[in-house]
Protein chains: 2
Amino acid sequence: MAAFTVVSYNINSIRVRLDSLLAWMHKTNPDVVCLQETKVQDNDFPEQQILSAGYHVIYKGEKSRNGVAIISKHLPNDIQIGHNNWGRDNEARLISAKICNCTIVNTYIPQGQEPNSDYFQYKLDWIAHMQNYFAERFNPSDLVLWVGDFNVAPEPLDIYDPARLLGRVGYHPDEHAALQNVKAWGFLDIFRQHITEGNNYTFWDYRIKNAVDRGLGWRIDHIWGTEPIARHSVNAGIAKDLRRDLRPSDHAPIWATFNLP
Amino acid sequence: MAAFTVVSYNINSIRVRLDSLLAWMHKTNPDVVCLQETKVQDNDFPEQQILSAGYHVIYKGEKSRNGVAIISKHLPNDIQIGHNNWGRDNEARLISAKICNCTIVNTYIPQGQEPNSDYFQYKLDWIAHMQNYFAERFNPSDLVLWVGDFNVAPEPLDIYDPARLLGRVGYHPDEHAALQNVKAWGFLDIFRQHITEGNNYTFWDYRIKNAVDRGLGWRIDHIWGTEPIARHSVNAGIAKDLRRDLRPSDHAPIWATFNLP
DNA sequence: GAGAGACACG
DNA sequence: CGTGTCTCTC
């Protein structure tokens, strides 16, 4: 089979940035684009424009916050929205589909606000619940990709000042432990299989002047895969150029290419 | 002396449209631009950008509403802000200066909301008070221009459906009478000395789709002058093209050119 | 800093 | 419809 490229992108309002996204997709020709923070309720989702561009699309949104979507060249099957069987999945943070024999789970993990806040505990619970989610549905020998805005930089290499920022939301030992537990179920970090240098970030705070040029970013968006899919990955990268647009999202797309078995 | 061009423009937020205004001024090279609805308090007025473009500027604003300014190639003298000696001039609606021996009074007359409202009576009082303003300060034989957003279309020719709209705010007999009283002090409508055709408007409601193309406008912005200045006027017009910008004001600039005596 | 929403205004 | 205000979120 031909190369199969999967992208994860926190778009920070699909209505503001859909034109820019479609132009970028036209250039880069990805197979699957997983979006977070679409920030639009389903009635207002710009479905027609995506269909006209020749893609399938599935989505689950809320008014003004959260919101996830999967745009795909190939027909998505076995669509799942939300966790089911879990009391705290009233937010639009998880959407999943089987595309070309590979199950793609796209999540927007809660940001967490501040350690010691209720929101932070919610984030930890949310991450912990993902282990149940995968264990109940899949086997580590399945072709499963877990992608999205995880709102966690897992390693020192994934953040611009690990010493100073340790303990902050997004780079906190409790988050690292929670995420490691899910990873231990059977995931590999596809990006790090190919790119081992630092200063490869997917998020730069709007409030820090010239953060991109100054290298003041975080790698908090991820593409993780089970061993059988990771084995077939051939490349990965971050489309940093999109973060330099006139009106950019605060995130850049992360992508990985596979030769699907 | 060379030609002297005076412009009146309700800019509907100078912060949003200053770049567009300066580009237009660069093309058209006016001597004086009188603005209304700058919608910015004096601390936030973009003075430096105007000075850098080679103009003088005087202004009086409020937070979020009203606000008047005069941009001028030539040094403004005898600057007056507000009516003085009148109880109801706490709003930023009047600014005046002597520029090249001609006194220019730039006003943003209250919109009036609805006939029978208190705001409508305020508008009528405001207009009536302008007669005192001129009588106390000038003589009809002086070189005086009264320009601005008058929020009144004086004649049937100044509105797209005079029969239907008669009695609405902006085209009401009481407004016509009030304005006529001030005019009788000694003003001529400079624009109408040169342009006698209809469909020459300065305002098109944002809420009416394609109002400009469909000719659904009002001529409510004016350049009036005393006889000695009117006699030296050589041309006038409306810069309708600016109303077709990507993010236009709901008004277009009105201009008049003089060979000053 | 930049999205969202809601409200006031013309 | 398109300005402004303010509050909320990340």
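As the structure is a prediction and not an experimental result, all values here were calculated from the model.

A. Fine view of the packing of aromatic side chains. Residue and element names in this part refer to chain B. Using the criterion set out here, one finds 24 aromatic pairs over all chains in the structure. Ring geometry for F134 versus F138: centroids 6.5 Å apart, planes at 45 degrees, classification tilted. Judged on exposure class, the residue F134 and its partner F138 are both buried. Considering the side-chain rings of F134 and F187, the 4.8 Å spacing of their centres and the 75 degrees angle between planes classify their relative orientation as edge-to-face. Residue F134 is located in helix 3 (residues 118–137), and its partner F187 is located in the loop between helix 5 (173–186) and strand 9 (188–189); the two are separated by 53 residues in the primary sequence.

B. Representation of the protein's contact with DNA strand C. Near DNA strand C lie 15 residues; those nearest to it are A:S13, A:K63, A:Y206, B:Q111 and B:Q113. Near the protein, within 4 Å, the atoms of DNA strand C are sugar or phosphate in 67% of cases. A:Y206 is positioned with one of its backbone polar atoms (N or O) 3.1 Å from a sugar or linking oxygen of DNA strand C. With respect to DNA strand C, the side chain of B:Q113 contributes an N or O atom lying 2.7 Å from a phosphate oxygen. Grouping the constituent residues of the surface near DNA strand C by class yields 3 nonpolar, 4 polar and 8 charged.

C. Here's a closer look at the protein's contact with DNA strand D. Neighbouring DNA strand D are 14 residues; B:S13, B:V16, B:R17, B:K209 and B:R247 lie closest to it. If you look at DNA strand D and keep only atoms within 4 Å of the protein, 84% of those are sugar or phosphate atoms. At a separation of 3.3 Å, a phosphate oxygen of DNA strand D approaches a polar side-chain atom of A:Q113. Between DNA strand D and B:K63 there is a distance of 3.3 Å, counted from a phosphate oxygen to a side-chain nitrogen or oxygen. For the surface near DNA strand D, the per-class residue count stands at 3 nonpolar, 4 polar and 7 charged.

D. Region of interest: the sheet that holds strand 10 (residues 221–225) of chain A. Residues and elements named next belong to chain A. Judged by pairing direction, the sheet is mixed, and its 6 strands sit side by side in the order 5-6-7-8-10-9 without closing on themselves. Each edge of the open sheet carries a strand with a single partner, namely strand 5 (77–81) and strand 9 (188–189). Against the sheet, helix 3 (residues 118–137) contacts strand 5, strand 6 (94–99), strand 7 (102–108) and strand 8 (144–149), and its axis sits at roughly 165 degrees relative to strand 7.

E. Structural context of the pattern of salt bridges. Counted according to the given criterion, the structure contains 26 salt bridges over all chains. A salt bridge links B:D205 to B:R207, with the shortest nitrogen-to-oxygen separation between them at 3.0 Å. One network of salt bridges, with partners in common, ties together A:E62, A:R65, A:E91 and A:R93.

F. Expanded view of the sheet that holds strand 9 of chain B. Residues and elements named next belong to chain B. Strand order in this open sheet of 6 strands is 5-6-7-8-10-9, and the pairing throughout is mixed. This sheet does not close on itself; its edge strands, each paired only once, are strand 5 (77–81) and strand 9. By the bridge criterion, 6 bridges tie strand 7 (residues 102–108) to strand 8 (residues 144–149) in an arrangement that is parallel. The residue of strand 8 that forms the bridge with I104 is L145. Set on the sheet, helix 3 makes contact with strand 5, strand 6 (94–99), strand 7 and strand 8; between it and strand 7 the angle comes to about 165 degrees. The strands touched by helix 5 are strand 8, strand 9 and strand 10 (221–225); relative to strand 10, the strand with the most contacts, the crossing angle is about 30 degrees.

G. Structural view of the packing of helix 3 of chain B against helix 5 of chain B. Residue and element names in this part refer to chain B. At a closest axis distance of 9 Å, the pairing of helix 3 and helix 5 adopts a crossing angle of 5 degrees. It follows that helix 3 is roughly parallel to helix 5 by the angle criterion. Contact residues: helix 3 offers F120, K123, L124, I127, M130, Q131, F134 and A135, while helix 5 offers D174, E175, A178, L179, N181, V182 and W185. Within the contact of helix 3 with helix 5, the residues separate by chemical class into 10 nonpolar, 2 polar and 3 charged.

H. Layout of the side chain of A:E91. Residue and element names in this part refer to chain A. Structurally, E91 is set in the loop between strand 5 and strand 6. A relative accessible area of 18% means that E91 is categorised as buried. In this structure the side chain of E91 is engaged in a polar contact, spanning 2.8 Å, whose partner is the side chain of R93. Among the polar contacts made by the side chain of E91, one reaches the side chain of Y122 at a distance of 2.5 Å. Leaving out residues up to four positions away in the same chain, E91 has contacts with E62, R65, N66 and Y122.

I. Local environment of helix 3 of chain A. All names here are of chain A. Between its first and last C-alpha, helix 3 extends 29 Å over 20 residues, near the 28 Å set by a 1.5 Å rise per residue. The set of residues buried in helix 3 consists of F120, Y122, K123, L124, W126, I127, H129, M130, Y133 and F134. Elements that come into contact with the buried residues of helix 3 comprise strand 5, strand 6, strand 7, strand 8 and helix 5 (173–186).

How each quantity is defined
Residues numbered from 1 in each chain as written. Chains lettered and ligands numbered in written order. Predicted model: local features only at pLDDT ≥ 70, side-chain atom pairs only at ≥ 80, totals over all residues. Heavy atoms only, no water. Phe/Tyr/Trp six-rings, centres within 6.5 Å; stacked < 30°, edge-to-face > 60°. Buried < 20%, exposed > 50% of the residue type's maximum accessible area, 1.4 Å probe, protein only. Helix = DSSP H or I, 4+ residues; strand = E, 2+ residues; numbered from the N terminus. Near = heavy atom within 4 Å. Polar contact = N/O pair within 3.5 Å; in protein donor to acceptor, adjacent residues only side chain to side chain. Nonpolar A, V, L, I, M, F, W, Y, C, P; charged D, E, K, R; others polar. Pairing = 2+ DSSP bridges. Contact = heavy atoms within 4.5 Å. Axes fitted to C-alpha atoms, helices over the stretch in contact; angles between N-to-C directions. Salt bridge = Lys/Arg side-chain N within 4 Å of Asp/Glu carboxyl O. Parallel < 35°, antiparallel > 145°, perpendicular 65-115°, else oblique. Expected span 1.5 Å × (residues − 1).

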